[in-house]
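Residue-level listing of the chains:
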Amino acid sequence: MPVVSLAKVVSSPVVAGDFSVRVPFIYGRRLVSNRVSFEKLRRRSCIGHCVISELQSPRVLGSVTDLALDNSVENGHLPKGDSWAVHKFGGTCVGNSERIKDVADVVVKDASERKLVVVSAMAKVTDMMYDLIHRAQSRDDSYLSALAAVLEKHRATAVDLLDGDELASFLARLNDDINNLKAMLRAIYIAGHATESFSDFVVGHGELWSAQMLAAVVRKSGLDCTWMDARDVLVVIPTSSNQVDPDFVESEKRLEKWFSLNSAKIIIATGFIASTPQNIPTTLKRDGSDFSAAIMGALFRSHQLTIWTDVDGVYSADPRKVSEAVVLKTLSYQEAWEMSYFGANVLHPRTIIPVMKYDIPIVIRNIFNLSAPGTMICRQTEDEDGYKLDAPVKGFATIDNLALVNVEGTGMAGVPGTASAIFAAVKEVGANVIMISQASSEHSVCFAVPEKEVKAVSEALNSRFRQALTGGRLSQIEIIPNCSILAAVGQKMASTPGVSATFFNALAKANINIRAIAQGCSEFNITVVVKREDCIRALRAVHSRFYLSRTTLAVGIIGPGLIGGTLLDQIRDQAAVLKEEFKIDLRVIGITGSSKMLMSESGIDLSRWRELMKEEGETANMEKFTQYVKGNHFIPNSVMVDCTADAGIASCYYDWLLRGIHVVTPNKKANSGPLDQYLKIRDLQRKSYTHYFYEATVGAGLPIISTLRGLLETGDKILRIEGIFSGTLSYLFNNFVGTRSFSDVVAEAKQAGFTEPDPRDDLSGTDVARKVTILARESGLRLDLDGLPVQNLVPKPLQACASAEEFMEKLPQFDEELSKQRQEAEAAGEVLRYVGVVDAVEKKGTVELKRYKKDHPFAQLSGADNIIAFTTKRYKEQPLIVRGPGAGAQVTAGGIFSDILRLAFYLGAPS
């Protein structure tokens, strides 16, 4: 079998006997374009012999014709302007016979006077054609069966769409094309190689077939319709292996000529394919049909270009990554170009250029949802006062699988040509630079390239700057893999102060670290480089801030007992209102107790979380639980809600905050524990954008911590904090009146659920001591729990009781002492109250049973209310009082819930 190289391919007329066919013919490295005989061709090239001997018909292979163009056009003139509407339908739109009928229906119903319709090949056909070439040049005989599949796909579609002469005519052309393709693929098979020109000619057949079928379907409606092989009209100049520039002057001449011979009110044109100035078939490269339509729109000076796809328009972000992404009503040309460059599924990046010159609007519409108005891309408009309309940021786009290259060294500063040398080396290896960032000090230059190209870039730079690296002028050439780009795009950004601040603030609050930043002076986009694993979280965070889409929190609940369970029920009952009215989506993705945990990436069904915990719960593992809550890349912010009183859980707070997990808790152990650990947590909180909320540690649902902070932040000075901090002890002494014994009141409170299962936990005063310690530390005092004097109401002989039952049984034996104190107080017109005191002047704290006059606010309490009095420099004569329920599952859970919502507002939810 002879092996030759297919160097060049052209469309050449070949004469044999009394018929002429046009074949792409290969002759060494020369282009054969003259009319020659079969015998001469056979003598010149074995490939010529191979191709021609297998041609089955004198019919035209494609429809690229050898145009001899005059400077003037005979017969008629092409009308241009607003009478023309240009439509483009992609492969999905013409994916099968039903969809082709739908497209024809759209074309027929368009009320425009004249219509030019650009179509792609049927869905997957272009891939099938490339696959044919790949198989043939790999000398895989299966290219024949693959070609048969291409034939059958189009034959079946035509049979479903057409009938009579239209069907017979199309099938005849289809069979001729398939037979000729078979001959071409045979030539590639023999050579083991296909040139770019040859490949372009083969893959363009999909568009030829879909255009002919659609034109025939439109004609069935009785309308004047013809089809155009764009290779007869569009002339492009290849500038690289993956880019071409349209030759508008030559294309206009050819269009005038073509229209003079094929005038019609409806023209169905092939997308994707074109010709070079030498009439060599070529393509506009992958996704080039949009570009074809834009060029046609410019050539016809149409009033609008409509690009039909399978989405409702251009989204503010990728809806697969941001479920709240919205369809944009309008985009400027510049915004659309920026978004397409940064990977948004908008348009072919070069589509916008041809239509901009003539201010032709582009409308992106959904062929499967005709009621959706779509997105219009046009010149930016202004209102009467000259202000640009719409939001400052229109959309966000991402590019994944990138690497950052950082070239750094003191020897770069002030040295002309360094950047030029860097990018010359990058160009030599053919790498694509996506983004460039350079500090004004010129100490370093960093740029992003596709990860698959970074190895070649690194080797080229190290080779180019080997001497500079050895001499110390460059300190390093650093490669940072696993990166992604996030870009914010908006034409109004240039005239709106604070856009950059809002953008970076949203990233910071989502705990996203930025590796590099780039922004042009036009300010149409802000580009940042982040870690690949942070990309989706970053995208959701900024989209949420600018579009006020839902601020989503991944919530992990620890301790689904009385408090935690009540909180879960409250979140369940309020979830819909939070989503609709406040744009907050609290996604509880994990619940863990001491033995079992339940996790769900999409969110746990809170209407049956108790059942699910029993049925699907797995063995609890705090590290795994933490990683699950933090590791959800689709939710930018995560929060741990600790509803336990466990010191071990509290010891995890520092690590959680360090990992970017927010913490909300009623657990007092962290803030009242060892002072050095408390200071360590607070220091980390202040230095990071991670939040730590613990309002419920002191007053359950009462605003004690926030009131204290408000006083301090506004410059007030705390002198004294005094209060009844325990709802249980408040209830006991509010009801310890008359002739009642203390043990009877304790028993009543225990029966009513106001005490802990073991009342000694309340009577010991430890809980109040922890609250006093927390408030003292919030006030700036460095107190330790161990050094705080606490009056224990549990009689010493009963402190060692083995059980709560034993304690309750023996408690009446010690009623006398407290009854005596009560009688003495009553005789003096006073009451007993168990209080905690922070003395900021003396820098100490105490917890004790004290007496107060009956007109004192502390004496006016009822039930289980708490009361706290702040004596400050401002509120010296009359303390600031906070009073309300301080115990119970509902109010405590409500306090935690309030902290979670406060966190959501800090993270960007509308307030």
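Below, the structure is looked at part by part.

What counts and how
Residues numbered from 1 in each chain as written. Predicted model: local features only at pLDDT ≥ 70, side-chain atom pairs only at ≥ 80, totals over all residues. Heavy atoms only, no water. Helix = DSSP H or I, 4+ residues; strand = E, 2+ residues; numbered from the N terminus. Buried < 20%, exposed > 50% of the residue type's maximum accessible area, 1.4 Å probe, protein only. Contact = heavy atoms within 4.5 Å. Areas by Shrake-Rupley, 256 points an atom, 1.4 Å probe, with all protein chains shown as cover. Phe/Tyr/Trp six-rings, centres within 6.5 Å; stacked < 30°, edge-to-face > 60°. 1 Å grid on protein atoms, 1.4 Å probe; cavity = no way out; pocket = protein on both sides within 12 Å on 5 of 7 lines; lining within 4 Å. Points joined across faces, edges and corners; volume = space filled by probe spheres on them. Nonpolar A, V, L, I, M, F, W, Y, C, P; charged D, E, K, R; others polar. Patch = residues over 30% accessible without salt bridge, like charges linked within 9 Å, V, L, I, M, F, W, Y side chains within 5 Å. Salt bridge = Lys/Arg side-chain N within 4 Å of Asp/Glu carboxyl O. Pairing = 2+ DSSP bridges. Axes fitted to C-alpha atoms, helices over the stretch in contact; angles between N-to-C directions. Parallel < 35°, antiparallel > 145°, perpendicular 65-115°, else oblique. Left-handed = near helix turned anticlockwise from the far one by under 90°.

Quick word on the overall build of the protein
From N to C terminus, the protein includes 33 helices and 34 strands. Relative to its 911 residues, the protein shows a buried fraction of 55%. Long-range pairs, those at least 24 residues apart, make up 71% of the contacts in the protein with a sequence separation of at least 6. Here the protein has roughly 38,800 Å² of accessible surface; of this, 49% comes from carbon and sulfur atoms.

Quick word on the packing of aromatic side chains
Per the counting criterion, the structure on display carries 16 aromatic pairs. Here Tyr-692 and Tyr-694 contribute two aromatic rings whose centre-to-centre distance is 4.7 Å and whose plane-to-plane angle is 50°, an arrangement assigned as tilted. Tyr-694 shares its class with Tyr-692; the two are buried. Taking the centre distance of 4.5 Å and the plane angle of 25° together, the rings of Tyr-731 and Phe-754 count as stacked. Of this pair, Tyr-731 sits in helix α27 (residues 727-735) while Phe-754 sits in the loop between α28 (742-751) and α29 (760-763), and the two are 23 residues apart along the sequence.

Looking at empty space enclosed by the protein
If you walk through the whole model with that rule in mind, you get three cavities of 30 Å³ or more. Roughly 50 Å³ of volume is contained in the largest cavity. Lining the largest cavity are Ala-506, Lys-509, Ala-510, Ala-541, Ser-544, Arg-545, Thr-551, Thr-552, Pro-636, Asn-637 and Leu-907. Those elements giving two or more residues to the lining of the largest cavity turn out to be α16 (499-509), α17 (535-547) and β23 (551-558). Tallying contributions element by element places α17 first for the lining of the largest cavity, with three residues. Residues that form the lining of the largest cavity fall into these classes: five nonpolar, four polar and two charged.

Observations regarding a nonpolar patch on the surface
Together, Trp-337, Tyr-341 and Ile-353 give the surface a local cluster of nonpolar side chains, amounting to about 270 Å² of exposed area. Relative to the elements of secondary structure, Ile-353 occurs in helix α12 (residues 352-356).

Thoughts on the pattern of salt bridges
Under the criterion given, the structure shown has 46 salt bridges. With its nearest N and O atoms 2.3 Å apart, the salt bridge here joins Arg-532 to Glu-451. A residue pair is termed long-range when its members are at least 10 positions apart, and Arg-532 in the loop between β22 (525-531) and α17 and Glu-451 in the loop between β19 (444-450) and α14 (454-464) qualify at 81 residues. In this structure Glu-451 comes out as partly exposed when scored by relative accessible area, which is 22%.

Quick notes on the sheet that holds strand β29 (residues 692-693)
What links the strands of a sheet is backbone hydrogen bonding, and the strands pair in either a parallel or an antiparallel sense. Spatial strand order, β26-β25-β24-β23-β27-β28-β29: seven strands in an open sheet with mixed pairing. Unpaired on one side and paired on the other, β26 (618-619) and β29 mark the two borders of the sheet. Direction of pairing for strand β24 (residues 584-592) relative to strand β25 (residues 596-599): antiparallel, over a ladder of three bridges. Bridged to Gly-590 within β25 is Met-599. Packed on one face of the sheet, helix α19 (residues 609-616) meets β24, β25 and β26 and runs near 110° to β25. Across the sheet, helix α33 (residues 889-906) is in contact with β23, β24, β27 (637-642), β28 (662-664) and β29; its angle to β24 comes to roughly 125°.

A few points about the packing of helix α3 (residues 97-109) against helix α5 (residues 143-161)
For the pair α3 and α5, the least separation of the axes is 9 Å and the interaxial angle reads 50°. By the angle between their axes, α3 is oblique relative to α5. As for how α3 packs across α5, the hand of that crossing is right-handed. Counted together, Ser-97, Ile-100 and Lys-101 of α3 and Thr-157, Asp-160 and Leu-161 of α5 form the full contact between these two elements. Residues that form the contact of α3 with α5 fall into these classes: two nonpolar, two polar and two charged.

Thoughts on the sheet that holds strand β32 (residues 844-853)
Read from one edge of the open sheet, five strands run β32-β31-β30-β33-β34, paired in antiparallel fashion. Each of the sheet's edge strands pairs with one partner strand only, and the pair in question is β32 and β34 (880-885). Neighbour to neighbour, the strand axes of the sheet diverge by 20° on average, direction disregarded. As judged from the ten bridges shared by strand β31 (residues 830-839) and β32, these two strands associate in the antiparallel manner. Counted as the bridge partner of Gly-836 is Val-847 from β32. Of the strands in this sheet, β30 (718-724), β31, β32 and β33 (865-872) touch α27, which is tilted by about 155° from β31. Packing of helix α32 (residues 815-827) onto the sheet brings it into contact with β31 and β32, and relative to β31 it is tilted by some 95°.

Shape is all these values report; function is a separate question.
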